[in-house]
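Analysis of the macromolecular model
In case you want the letters, here they are:
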Amino acid sequence: MGVPSISIMMHELIKLLHHARCRDVTLIRIGTSGGVGLEPGTVVITDTAVDSFFQPQFEQVVLGKVIVRSTQLDENLAQELLQCGKEIPNLPTVLGNTMCTHDFYEGQGRLDGALCSFSTEDKLEYLRKAHEAGVRNIEMESTVFAAMCRVCGLKAAVICVTLLDRFKGDQISTPHELLLEYQQRPQYLVSHFIKKHLGLHN
């Protein structure tokens, strides 16, 4: 989807929540991502969404001026989700920073795009720096999601499963059937969380 599309969706969703007079709302984004030093199938609960410079911020150009907004997510919610992950068998779950980029190829250090202006070693060095900064996965929506939720006072979390370890390559080699199972893992986690809050957990 990417930042522009999810930004539009978030504006419409938040307006609907306002007009519906919803209170004490929790928003959780689920999806897929590329892992940074993690095995495929690992579920990453985002501690902080960071930009391509590993900074916890989202830059939005408004009327020719750059507006910088914090991307810090709800710490207590993240810890609660992490505990939920531990309660589900065979669901590897970690807490880490999520890097959000504006591009799937060069912006994420991929070597297999139509354009590539760097070497394999350049890519690996960037990923090493990302890992040292606490980044455990890469996707394309988390910063604007986190920033808009924070500005609007909405409790929020981001949960993404990794489909590959970017240190080991750019292409997904996991069998299709296993990928489908991986993609359901964030749903299992959120379902468990919802059931616990509704008192439906066995």
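The notes below deal with the structure included here. The model shown is predicted, which means the values in this text are computed figures rather than measured ones.

About the cut-offs
- Residues numbered from 1 in each chain as written.
- Predicted model: local features only at pLDDT ≥ 70, side-chain atom pairs only at ≥ 80, totals over all residues.
- Heavy atoms only, no water.
- Helix = DSSP H or I, 4+ residues; strand = E, 2+ residues; numbered from the N terminus.
- Expected span 1.5 Å × (residues − 1).
- Buried < 20%, exposed > 50% of the residue type's maximum accessible area, 1.4 Å probe, protein only.
- Arc of directions from axis to C-beta.
- Contact = heavy atoms within 4.5 Å.
- Polar contact = N/O pair within 3.5 Å; in protein donor to acceptor, adjacent residues only side chain to side chain.
- Core = buried A, V, L, I, M, F, W, Y, C linked by side-chain atoms within 4.5 Å.
- Pairing = 2+ DSSP bridges.
- Axes fitted to C-alpha atoms, helices over the stretch in contact; angles between N-to-C directions.

**Regarding helix H2 (residues 75–86)**
- Between its terminal C-alpha atoms H2 stretches 17 Å, which fits the 16 Å expected from twelve residues at 1.5 Å a residue.
- For H2, the set of buried residues is Leu-77, Ala-78, Leu-81, Leu-82, Cys-84 and Gly-85. For H2, the arc enclosing every buried residue in end-on projection is 155°, short of the 170-degree limit, so these residues lie on one face. For H2, exposure combined with an orientation more than 90 degrees from the buried face picks out Glu-75, Asn-76 and Lys-86.
- Packing partners of the buried residues in H2 comprise strand S1 (26–35), strand S2 (43–50), strand S5 (93–100), strand S7 (155–165) and helix H5 (176–197).
- Two or three places before Asn-76, at the opening of H2, Asp-74 has a side-chain oxygen 3.2 Å from that residue's backbone nitrogen.

**Let's talk about the side chain of Thr-42**
- Structurally, Thr-42 is set in the loop between S1 and S2.
- Within the structure, the side chain of Thr-42 is placed 2.7 Å from the backbone oxygen of Glu-39, a separation counted as a polar contact.
- Once residues lying within four places of it in the same chain are set aside, the contact partners of Thr-42 are Pro-92, Val-94, Cys-160, Val-161, Thr-162 and Arg-185.

**Digging into the nonpolar core**
- Core analysis: the biggest nonpolar cluster contains 21 residues, and Met-10, Leu-27, Val-144, Phe-145, Cys-149 and Leu-154 have the highest contact counts within it.
- Mapped onto this core, the elements with two or more residues apiece are helix H1 (2–19), helix H4 (142–151) and S7.
- In terms of residues, this core owes the most to one element, H4, which gives six residues.
- Those residues in contact with Cys-149 that lie beyond four places of it in its chain are Met-10, Leu-27, Leu-154 and Ala-156.
- Membership of the second largest hydrophobic core comes to 19 residues, among which are Cys-84, Tyr-182, Leu-189 and Phe-193.

**With respect to the sheet that holds S7**
- Taken together, five strands build a closed barrel; the order of strands is S1-S6-S5-S2-S7 and the barrel is mixed. Averaged over all adjacent pairs, the angle separating strand axes in this sheet is 50°, with direction ignored.
- Here H4 sits on the sheet and contacts S1, S2, S5, strand S6 (135–139) and S7; the angle it forms with S7, its principal contact strand, is near 170°.
- Contacts from H5 reach S1, S2, S5 and S7, with the element oriented near 160° to S7.

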